[in-house]
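Survey of secondary and tertiary structure
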Amino acid sequence: MRDLLRGSLAKSLRDLTPEDRLAAAWPVACGSALAGRGEVLHLDAEDVLHIRVTGPEWMRQFLDVRSQLASDLARISGVRLSGIHFEEKGSARGWPRSHTV
């Protein structure tokens, strides 16, 4: 069923911006429990998706699945991703403090 939803979602997202497509794909790629602990912020010029994570315990979860998550997000959304940058909620945005795929 999940694969069917992923395929249908990819087709329905074609007319949206890349960031909107990634945001729509986020809960499908993550699953509801994990998706609620991260927020899609933006896609930068290097095709890195920036995600805000609610806390350090969830950061570990995201880091454990980051490669699979990047692959699933790219496939579902049809957006090219070179990586994912995770930041904890309340931390300063930007580099170098990052957890990037």
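Quick summary incoming for the structure in this document. Given the structure is predicted, the values throughout are model-derived calculations rather than measurements.

**Description of helix H4 (residues 56–77)**
The end-to-end C-alpha separation of H4 is 27 Å, well short of the 32 Å expected for 22 residues at 1.5 Å each. In H4, a bend of some 65° at Arg 66 exceeds every other bend along the element. Every buried residue belonging to H4 is among Met 59, Phe 62, Leu 69, Ala 70, Asp 72, Leu 73, Ile 76 and Ser 77, and all of these are buried. Count one or two residues on from H4 and you reach Gly 78, which has phi positive near 75°.

**Observations concerning the pairing of strand S1 (residues 38–43)**
Relative to strand S2 (residues 48–53), S1 runs antiparallel, the two being bridged by 5 bridges. Looking at S2, one finds that Leu 43 is bridged to Leu 49. Hairpin connection, S1 to S2: the antiparallel pair is bridged by 4 residues, and Asp 47 has positive phi, about 65°.

Rules of the game
- Residues numbered from 1 in each chain as written.
- Predicted model: local features only at pLDDT ≥ 70, side-chain atom pairs only at ≥ 80, totals over all residues.
- Heavy atoms only, no water.
- Helix = DSSP H or I, 4+ residues; strand = E, 2+ residues; numbered from the N terminus.
- Expected span 1.5 Å × (residues − 1).
- Bend = angle between axes of the 7 residues up to and from the residue.
- Buried < 20%, exposed > 50% of the residue type's maximum accessible area, 1.4 Å probe, protein only.
- Pairing = 2+ DSSP bridges.

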